[in-house]
Amino acid sequence: MNRRALALSALVSAGLVGCMPSIRTTTAFSSRFGDNNRGRLGEAAAAAGVAAVADRPRNALGRPLIATVIQGEGRAVAVYDAQSGQALWSRPMAASSTPEILGDALVVEVGSSTKILDLATGAERGHVDHNGLEFAGADRDGDTIVMSFSAGLTGGGRRAGRVEAVDARSGSQRWTHEVGGILGRPAARGGLAFVPWDRQSIAVLDLGSGVERARLRSTDDVLSWVFASPQGVFYGGRGIYRLNADSASGTRAGSQFLANPFEGIPGDPLIYRDAFLPTTGTRTARDRIRFTFMPGATAEGGRLAVQGDTIFAAYYHDVLAVDASTGAVRWAIRLDEDVEAMELTPTGLFVVAAGGRVRGIDPATGAVGVVSQLNAQVGAIALDVGGLSLPAERVAPEGTAREQLVSLIRDPDNRLVPFRSFLVTRLARLEDEEVTHDLLDLYTQRSIPVQLRQSIATALQSRRTGARFLVAALEEHFDYLENHSAPPLQVIAPTLVAMNAREAVPGLTAHLLDHETPIEALPDVINAIGALGEGSSVPVFQRWVQLYRSDSTFRGAERAVALNTAIEAIFRHGDAAARAWLQQLADDTRVNPVPRAHVAELQQRDAREIQQRETQQSESERQAALQAEVNRLHELQAAVPSTLTDAAFDEAWNAHLDEVRECAQGAVSRNPALNQIRVVVTLRSELPRRLMDANPPARTAGADGVTHPTTSEEALTWTGAQMAALTAQRARVRLATYAPGDAELRSCMDRVVLPLEFPVFREMRQEFRRVIDTRAARAQGGGETINGLGLDAQGRELPWWLVSAPTLEVENPPPPSATRPGTPATTVRPGAPTAPGTPTAPGTPAAPGTPTAPGTPPAPGTPAQRPWWEE
Amino acid sequence: MHHLPRLSAVSVCLAAIATLSPASAQRRPPAPANAASARPLTLREATQRLQSADPDEITEGVDALTRIGTAEAVAPMVTLVRSGLPDELLDLVVTKLGILGRPEAIEELGSLLHHRRPAVRLRAVTALSQIRDDRSRPLIESGLRDSNAGVRAEAARALGRINARPSLALLQRAFERNIPEAAESIGALGDAAAADRLLESVGRAPLSVLLPGFRRFLDRRDLTDPVKLRIVEQLVSRSPTTQVKAFLQEWVRELPPADRSRARARAELAIRQINDAPGAPR
C-alpha cells in the first residue's frame, strides 16, 4: 500500500469517525447487561449518598417556590414565592406538562418539545425535541438534566423510549439512549441517573457518560417510580423500597420495603407519583388523589421507615395522616377546596388549592392555616417549599381521630362517596365500641347515599363491640307523628347475634310484634330472637304464627318467608310439644298453605337428617365392629408363629405315643439289638398368603362380576371368613423318614405319623426329629416294655422316647439363619427342628447325638462313626 | 258512625232480653223441632260455634255472642281472634268487639292496633272508640302514629267522637303532620285558641281539609258568639273565596231562624260581599 493510499485510508477512517455520532447506544439497556448485581447496586446507592434532611428549598434561588400552569384563558407558566404569594414571573405558554423546578432551571413541556427555562426569569435556555415521543419527566444533578421520553405511556401498540442528558445551562445534548421499551421519569443524584424501565427495572446510568453502571430488576413487584432525595434513592410501586445492596434480591422480602398501610383508596393511587404517567399541564383527578411521605432512617429489623412514621393522603378536599405501620388514622381534616398539590417538608405539610390558596398543615395535629394566596387559578403545580414556615394561625381539627373520620364520612359531597365508603371500612377497624354507635348513627342518616349505606351496613355487621348501642337502638320504633323510622333491623339483628347479645331479645321481640317492622326485616328479627332466646322464644313465635296463620298478610311464597322463619325457629328450638303444635298447624286446612307445606318440609328434612344420623351411627358402629374383627384377625395372624415349637409338635405327637410304641416294639421284636429308632418328620404349613392379608379389599366383585367399593358388611364377612380359614388352617406331615429302614416299621409309623395335623406356621416347611432309645427304655422298663423312664423334676411322667429329645422345659432353639431358603442346608442335631427346605434323609443323618439323659440333649455336631442304631 | 254506640246498646238490650232471661225462656212454649235453629243461641252454644271449621257457623256464633253482649261474651271472641282467623272473620270479630262495647275487650283491641293488616288496626281503633273507658283514649292516640293513613285518619276522627279533649294538642300536632282528619276533631274539641291556630292554617292547608273543622267549631253550642264571629271574620279575611262563601251559606242555612248572633250577621254580610266569580274577592 502506497503512502497515498494510506493517507486516503486514514482520511476516510478519520472522516468516518468524525461523522459517527459521539453517543453510543450500546453502553446501556443491553439485554446482556447483568441485573441485580449486589456490588454494583451497593455502589450506586453509596454514590447517591445519604445526608441529613435539610429544611430548605432544592432550587438554586433558595426560596420556597411554586411553579404552575395558569389555567383558563391566558394560559401561562408562572413561578410564585410560596411565602408571599407573589409571582416571580409569568410567561404565556401552552404548557402541556407540570413544570419541574430543577436547580436554577424550570423544565416544562410545550407542544412537541420540552423547554428549559431560567428559574429566575423564565427566559428560555434551550429545548429538547420529543421526536415523536411523549415527555415523561426530568431530574437534575449538578449541571446535567436527564429527561425521559416514551411512546406508549398512555397505551397504544408502539413501545419506544429515549433517555437524554442535556446541559442545564444550554440544553445541548450530552448523550442519549434509545430503547425498545418505555421509560419513566428519571431521578438523578450522585452523578448517576436512575431510569425506570418497562415498570420492571431501573437502569442506573453514569450521568457524565451515559454508561450503564447497574441495573435493578424486580422479580415480584411492579416498579413504577423512582426518586432521589438527601435520604437516598427510593423506588417502588404500591410500596416503597430503599435502593441499597439488598435491592439485588429483586424481591420485596429481600429488600428494605414498606407496604402502603392505606392501600385500597378509590382511584388506586400509587404511594408516589407514577413515573410512567405523563403530566398534562391541567388539573386532573389524579393530582387530587395522592400520598406523600418523607423517607426516614431504617427501622428495626431492616424495615424502611418514614419520618414520623406517618404517611399523608389527600383525596380531593380531605387530608389524612396515617400511621405508616398500622394504617391507623392519626387525624383527618376536610378543607373547603380540593387539594391540587401537596408536599411534605420537615416543617409541615403544604397544600395548594385550585384557587391558589396555599395552606400549611401541622403534620402532628392536622391544624391548618393559610400561608399565602397566589391570586390565580392554578393547575399542574410543582412545589419546592422546603423551609416554608407554617402559619401562626392554625385551626386544629375537633375531636378524636374517630370523630374526625365520622365527620369526613358525613361529607355530603357525592364525588367522595367511594372514598367515604373506604373510610367506613377504616372506621370499623377501630376497636372503640363507640364506633358501633357512629356507624349506626351514620346508617340512619337520611342523606346517606345508598352505596355508602351498604358499606356502613357491612361495616356494622363486622363489629363485635358496642352491643349496648344496638340494644338501645331497638328502643326506637316507627312513629309517624314524631317522624321516627324503625331502626335498621336487618343490619342490627344479625350483628346482635354475632355479638351474642342476649339482652337484645326483649327489644327484638317488640319489633317482631310491631306492625311497622318491615316484612322483609322480619326473618332477620325472628332468627335473632331464636338464636339469642332459644327455647324461651318459642311461645312468642307460637302466638305470632297462630295470629297470622290464616291472615292474608303472609299470603304467597314471598310474603310467607317470615312465617316460615318463625316456624323453623319453633321447630329448631321447641320441644316435643312444640313440634306437636306444628303438626296440628300443618294438619289444619284453614291455615295458609305455604307455612303448612313448610312444616311438612321441615319434618321431612328432619326425618332425613335423623335417618342420616342413624345411618352414620350404624355405619360407625359397623366400622367399630369391623375394626374389632380386623383387630382379632390381626391377633390371629400375629399368633401364627414363624416356626412350630417342639411343644406344639409334641402336643400332636404325644397324642399318638401308644401307636408309636407299638411300632417301636415291633421293630425291637424284629431286631432285638436295635438301640434307637430315629424319626424325622417334615411338616408342610402351606399357609395361603391371602390369609395373612391385613385389611379387607377396597373393592369387591358383585354377582355380575362388576366390582364396587367394599361395604362394611362385605368387609365384616371377609374378615370372618379370613379368621375361620386361618383357624382351620393346619400344618401336615409332608414326609416322614425312619431309621432303621425297616419296611414294617415304616409302614407302621406311616400309618401313625402321616395323618398327624399340627398348628399352622409361617415358614413353608419344618423338620422335627425324634429319637427312640429302645435300649434305655427297655432297661428301665424291665425289658418287657419300652416305657418306664419315670418322672421328671416336676413329677411329670417322661415320654419314653424323650431320651434324646429336648426336655419339656427347653424350647426348641429357633432355626439357624443359615437354613433360610436359598442358603445351604446345615447339619442339625436330632431333636432340633430344621429350617424349611432342608429335609434330611434318614440315610444321611445329621450329627447324630449320643443318647443322653433327659435334659441333656446331645452335643451338636458329634460325628457319627457307625450307624447310630447300632451304638 | 255516630249512631253505632246507640245501636250497640239497643242490640245488647235486645239480646239480653231474648237470651238471658230464664224466666221468659221458661214461659215460652216448647219449641218445635224445626224451630230450634230460630231460637237464639246460648252463650255456651255460641262459644261452641266458634270452634267450628265452618266460617258460617263461626259467624253465627259471633253474632250470637254480640247479641248476648255480656262480659262473658268477650273472652270467647278474644280466644277466637288469637286462634288465627282469615281476614273476613277477623274483621268481623273486631267490629263486633266494638259493638259489644265491653271494656274487657280493650286489652285485645290494643294488641290488634299492632296487627300487620291496616284494616284490622283501623277496625280496632273504631272498636276502641265505641268502648267508654279511660284506657281507650291513649290507645286511640297511638293510632295517630301509624304508618297507614287510613288508620291515622280513623284515630283522629275517633278522638273527636269520644270527645277526647286531653288529646287536643296531639290532634293539632297530627294536623300539622298532614293528618287532615284531625281538623274536624279539633273543631269538635278545641277552644278559641285552637280555633285561632286552625285559622293560621288557612292559605297553607287546603280549605277542603279545614272547613269541616270550622264547621264543627261553628256548630258547637259551648262556644261563645265572639269566638264564632272571629272564626267567620278570619275565614273571610284570609280566604274570601267562593268556597268559603258556599261554606258560610250552608252554615247559615242550617242555623235556626231565631238565631240573631253576630257571627251569623257577619257570615251573611260576607255572603253578600264575596262575588261568585272565581278568584274575585269582593
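Residues numbered from 1 in each chain as written. Chains lettered and ligands numbered in written order. Predicted model: local features only at pLDDT ≥ 70, side-chain atom pairs only at ≥ 80, totals over all residues.

**Student:** Mind showing me how you'd approach the overall build of chain B here?
**Tutor:** Secondary structure summary: chain B contains 17 helices and zero strands in total. Relative to its full complement of 282 residues, chain B shows a buried share of 43%. Taking contacts inside chain B between residues at least 6 apart in sequence as the whole, the part at least 24 apart equals 62%. (Helix = DSSP H or I, 4+ residues; strand = E, 2+ residues; numbered from the N terminus. Buried ≥ 20, exposed ≤ 12 C-beta atoms within 10 Å, placed from the backbone. Contact = placed C-beta atoms within 7 Å.)

**Student:** I would appreciate a short explanation of the overall build of chain A in the present structure.
**Tutor:** Helices and strands together make up the secondary structure of chain A, namely 20 helices and 34 strands. Every one of the 871 residues in chain A was classed for burial, and the buried ones make up 43%. In chain A, once contacts between residues fewer than 6 apart in sequence are set aside, the share between residues at least 24 apart is 61%.

**Student:** Can you walk me through helix α18 (residues 712-728) of chain A in this structure?
**Tutor:** It helps to recall that an α-helix has 3.6 residues per turn; residues three or four apart then point in one direction. Relative to the 24 Å expected for 17 residues at 1.5 Å per residue, α18(A) spans 24 Å between its end C-alpha atoms, a close match to the ideal helical length. Elements in contact with the buried residues of α18(A): α15 (593-639) of chain A. (Expected span 1.5 Å × (residues − 1).)

**Student:** Mind showing me how you'd approach the environment of W331(A) here?
**Tutor:** Residue and element names in this part refer to chain A. Considering the arrangement of structural elements, one finds W331 in strand β23 (residues 329-334). Note: C-alpha distance between W331 and N592 (261 residues apart in sequence) is 57 Å. Here W331 is in contact with A321, T365, G366, P397, A401 and Q404, once residues within four sequence places are set aside.

**Student:** What should I look at first to understand the sheet that holds strand β24 (residues 339-344) of chain A in this one?
**Tutor:** By definition, the strands of a sheet pair up through backbone hydrogen bonds, in either a parallel or an antiparallel sense. Residue and element names in this part refer to chain A. Reading across from one edge, β24-β25-β26-β27 is the order of the four strands in this open sheet, with antiparallel pairing throughout. What marks the edges here is a single partner per strand, and that holds for β24 and β27 (368-373). Averaged over all adjacent pairs, the angle separating strand axes in this sheet is 25°, with direction ignored. Here strand β25 (residues 349-353) runs beside strand β26 (residues 357-361); their pairing, made up of four bridges, is antiparallel. Looking at the pairing, F350 lines up with G360 of β26. (Pairing = 2+ DSSP bridges. Axes fitted to C-alpha atoms, helices over the stretch in contact; angles between N-to-C directions.)

**Student:** Explanation requested: the pairing of strand β6 (residues 113-118) of chain A in the structure shown.
**Tutor:** In the case of a regular strand, side chains alternate between the two sheet surfaces. Residues and elements named next belong to chain A. In this structure, strand β5 (residues 105-110) lies alongside β6, joined through six bridges in antiparallel fashion. Each bridged residue has a counterpart across the sheet, and for A105 the counterpart in β6 is D118. Where β5 folds back onto β6 in an antiparallel hairpin, the turn is made up of two residues, including G111, whose phi is positive at roughly 65°. Relative to strand β7 (residues 124-129), β6 runs antiparallel, the two being bridged by five bridges. Within the sheet, the bridge partner assigned to K115 lies in β7 and is H127. In sequence, β6 turns back onto β7 through a hairpin of five residues, with G122 there showing a positive phi of about 85°.

**Student:** Which parts of the structure should I look at to understand unusual backbone geometry?
**Tutor:** Residues and elements named next belong to chain A. With omega at 5°, the peptide bond leading from A739 into P740 counts as cis. In this structure, P740 sits in the loop between β32 (730-739) and α19 (743-753). In the Ramachandran plot, N131 falls in the positive-phi region, its phi being about 55° despite a non-glycine side chain. Tracing the chain through its elements places N131 in the loop between β7 and β8 (134-141). Positioned with a positive phi, N500 is a non-glycine residue whose angle comes to about 55°. Structurally, the position occupied by N500 is in the loop between α9 (489-499) and α10 (505-513). Residue N500 is classed as exposed on the basis of its C-beta count, with 12 C-beta atoms lying within 10 Å.

**Student:** Any chance you could explain the packing of helix α17 (residues 657-670) of chain A against α19(A) here in plain terms?
**Tutor:** Packed helices, taken two at a time, are described by the angle between their axes plus the distance between the axes. All names here are of chain A. Where α17 contacts α19, the two axes come as close as 9 Å, and the packing angle between them is 180°. By the angle class used here, α17 and α19 are roughly antiparallel. Contacts between α17 and α19 involve E659, V660, C663, G666, A667 and R670 on the former and, on the latter, E744, L745, C748, M749 and V752. In terms of residue class, the contact of α17 with α19 is made up of seven nonpolar, one polar and three charged. (Parallel < 35°, antiparallel > 145°, perpendicular 65-115°, else oblique. Nonpolar A, V, L, I, M, F, W, Y, C, P; charged D, E, K, R; others polar.)

**Student:** How do you make sense of the confidence of the model for chain A when you look at a structure like this?
**Tutor:** In regions of low pLDDT, the predicted coordinates are not meant to be interpreted in detail. Residue and element names in this part refer to chain A. Here chain A shows a mean pLDDT of 86. Residues at 70 or above account for 86%. For residues 10-25, every residue scores under 50 in pLDDT, and the model assigns this stretch five contacts once sequence neighbours within four places are set aside. Of the regions scoring below 50 in pLDDT, residues 781-791 engages in 24 contacts with residues more than four places distant in sequence or in other chains. (pLDDT = per-residue confidence, 0-100.)

**Student:** In this structure, what is going on with the sheet that holds strand β1 (residues 65-70) of chain A? I would like to understand it.
**Tutor:** Residues and elements named next belong to chain A. Strands sit in the order β3-β2-β1-β28 across an open sheet of four strands; the sheet is antiparallel. Edge positions in the open sheet fall to β3 (87-92) and β28 (378-384), since each of these has one partner strand only. If you compare each strand with its neighbour and ignore which way they point, the axes differ by 15° on average. Both β1 and β28 contribute to a ladder of five bridges, which runs antiparallel. Paired with I66 across the strands is L383, a residue of β28.

**Student:** Would you mind showing me how to read the interface of chain A and chain B here?
**Tutor:** Many authors give the size of an interface as the accessible area that is lost as the parts come together. Tallying the contact residues gives 17 residues for chain A and 20 residues for chain B. Across the side of chain A that touches chain B, the residue classes tally to six nonpolar, five polar and six charged.

**Student:** Any chance you could explain the environment of R40(A) here in plain terms?
**Tutor:** Residues and elements named next belong to chain A. Tracing the chain through its elements places R40 in helix α2 (residues 38-48). Judged by the 20 C-beta atoms lying within 10 Å of it, R40 is buried. Residues R40 and N244, 204 residues apart in the sequence, show an inter-C-alpha distance of 9.5 Å. In contact with R40, not counting residues within four places along its chain, are R213 and A214.

**Student:** Is there a simple way to explain helix α10 (residues 149-161) of chain B in this structure?
**Tutor:** All names here are of chain B. If you check α10, its first and last C-alpha atoms are 18 Å apart, about what 13 residues at 1.5 Å a residue would give, namely 18 Å. The element α10 is extensively covered by neighbouring structure, given that eleven of its 13 residues are classed as buried. All buried positions along α10 are accounted for by V151, R152, A153, E154, A155, A156, R157, A158, L159, G160 and R161. Residues of α10 that are buried sit in contact with α8 (118-129), α9 (136-142), α11 (168-176) and α12 (182-189). With its phi angle positive at about 60°, N163 sits one or two positions after the end of α10.

**Student:** Got a minute to help me understand the packing of helix α4 (residues 401-409) of chain A against helix α6 (residues 434-443) of chain A in this structure?
**Tutor:** All names here are of chain A. One can describe the packing of α4 onto α6 by two numbers: an axis separation of 11 Å at closest approach and a directional angle of 15°. In terms of their interaxial angle, α4 and α6 are classed as roughly parallel. Our pair here, α4 against α6, has a crossing hand that is right-handed. Contacts from R402, V406 and I409 in α4 reach E434, V435, D438 and L442 in α6. Its residues assigned to classes, the contact of α4 with α6 comprises four nonpolar, no polar and three charged. (Left-handed = near helix turned anticlockwise from the far one by under 90°.)

**Student:** Even after reading the chapter, I still don't get the pairing of β3(A), so can you show me in this structure?
**Tutor:** Residues and elements named next belong to chain A. Bridging between strand β2 (residues 76-81) and β3 involves five bridges; their strand directions are antiparallel. By the bridge assignment for β3, V77 is matched with R91. The antiparallel pairing of β2 with β3 creates a hairpin that spans five residues between the two strands, and G85 there sits at a positive phi of about 80°.

**Student:** What exactly am I supposed to notice about the environment of Q623(A) here?
**Tutor:** All names here are of chain A. In this fold, Q623 is placed in helix α15. Q623 sits in the partly exposed class, given 14 other C-beta atoms within 10 Å. The sequence separation of Q623 and S712 amounts to 89 residues, and the corresponding C-alpha distance is 6.6 Å.

**Student:** Where do I start with the confidence of the model for chain B in this structure?
**Tutor:** Mean pLDDT over chain B: 87, with 84% of residues reaching 70 or higher. Low pLDDT, under 50, characterises residues 1-33 of chain B; the predicted model gives this stretch 25 contacts beyond four residues in sequence or across chains.

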